[in-house]
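Per-entry structural report
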Amino acid sequence: MAHLTPSLLPALALALLPALGLVPAGAATIPGSAASPSPASAVSRPTVQRHLVLDRSARRLLVLEAGRELRRFPVAIGRPGWETPVGQFRVIELVADPIWEHPATGVHVPPGPANPLGSRWIGFHRDCHGRRGFNGLEVLTVEGCVSAGFHGTPQRESVGRAVSHGCVRLFDEHVRELFDLVELGTPVTVLP
């Protein structure tokens, strides 16, 4: 079995994008936008851009800048039946001190140490087809829109495991750092 050195991971992650049928970040559009960027606008964009690459199998999030690893974080991902979506996305929402709403009951949990989202929410995917699956205790049915994103967690022991309902959990100190490294529109690639 071959072992990869950490310095090769960003290059490998970017090289895998075409093989997975994913478009390089400069060619993708923000979900819901009307048109793809024109070749002229793609050329005029700055060449240094941050890009998030989530490797679900390694349970690791890379922050790349100009193709080089800037930062790496361990993460928790979605459990079987509630997998974190794979594909090419963009950051669509940034919220400090979010309020969490239970997806099935609608109960709200205010910001604070008991909030399942921790202190930051970085949304990158929204699906309004609803969802149904086993959550480890019961079958959970969610009607309407569901979102996936990066967030902190008070359950520190969950980081490194496949335990969420599709979101990507980070240690709260890491999601605070990540929050300061991204902006709306930052490309996000989720590998299987």
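Residues numbered from 1 in each chain as written. Predicted model: local features only at pLDDT ≥ 70, side-chain atom pairs only at ≥ 80, totals over all residues. Heavy atoms only, no water.

1. A short note on the overall build of the protein
- Assigned secondary structure in the protein consists of 3 helices and 15 strands.
- Burial status across the protein gives 39% buried among its 192 residues.
- Considering only contacts in the protein between residues 6 or more positions apart, those separated by 24 or more positions represent 65%.
- Accessible area of the protein: about 10,300 Å², with a carbon and sulfur share of 58%. (Helix = DSSP H or I, 4+ residues; strand = E, 2+ residues; numbered from the N terminus. Buried < 20%, exposed > 50% of the residue type's maximum accessible area, 1.4 Å probe, protein only. Contact = heavy atoms within 4.5 Å. Areas by Shrake-Rupley, 256 points an atom, 1.4 Å probe, with all protein chains shown as cover.)

2. Quick word on the sheet that holds strand E15 (residues 187-191)
- Read across the sheet, 5 strands follow the order E3-E2-E1-E15-E5 without closing on themselves; strand pairing throughout is mixed. Each end of this open sheet is capped by a strand with a single partner; those strands are strand E3 (68-74) and strand E5 (87-90). Strand-to-strand, the axes of this sheet are offset by a mean angle of 20 degrees, without reference to chain direction.
- Note that strand E1 (residues 50-55) and strand E2 (residues 60-65) share 6 bridges and pair antiparallel. Each residue of the ladder has a partner; that of Arg 50, found in E2, is Glu 65. (Pairing = 2+ DSSP bridges. Axes fitted to C-alpha atoms, helices over the stretch in contact; angles between N-to-C directions.)

3. Quick look at the pattern of salt bridges
- Evaluated as defined, the whole model comprises 7 salt bridges.
- Where Glu 69 meets Arg 72, a salt bridge forms, and the shortest distance between an N and an O atom there is 2.8 Å.
- You can call Glu 69 partly exposed: its relative accessible area is 31%.
- Under the relative-accessibility criterion, Arg 72 is labelled partly exposed at 24%.
- Its salt-bridge partner being Arg 71, residue Glu 177 comes within 2.6 Å of it at the nearest N-O pair. Pair noted here: Glu 177 is in helix H3 (residues 172-181) and Arg 71 is in strand E3, with a separation of 106 residues, a long-range link.
- The partly exposed category is assigned to Glu 177, whose relative accessible area is 30%. (Salt bridge = Lys/Arg side-chain N within 4 Å of Asp/Glu carboxyl O.)

4. Some remarks on the nonpolar core
- One finds Leu 61, Phe 150, Leu 170 and Leu 178 to be the most contacted residues of the largest nonpolar core, which totals 22 residues.
- Broken down by element, the residue count for this core peaks at 4 residues, all from H3.
- Those residues within four positions of Leu 61 in sequence are excluded, and the remaining contacts are Leu 52, Val 53, Leu 54, Arg 71, Arg 72, Phe 73, Val 75, Phe 150, Leu 170 and Leu 178. (Core = buried A, V, L, I, M, F, W, Y, C linked by side-chain atoms within 4.5 Å.)

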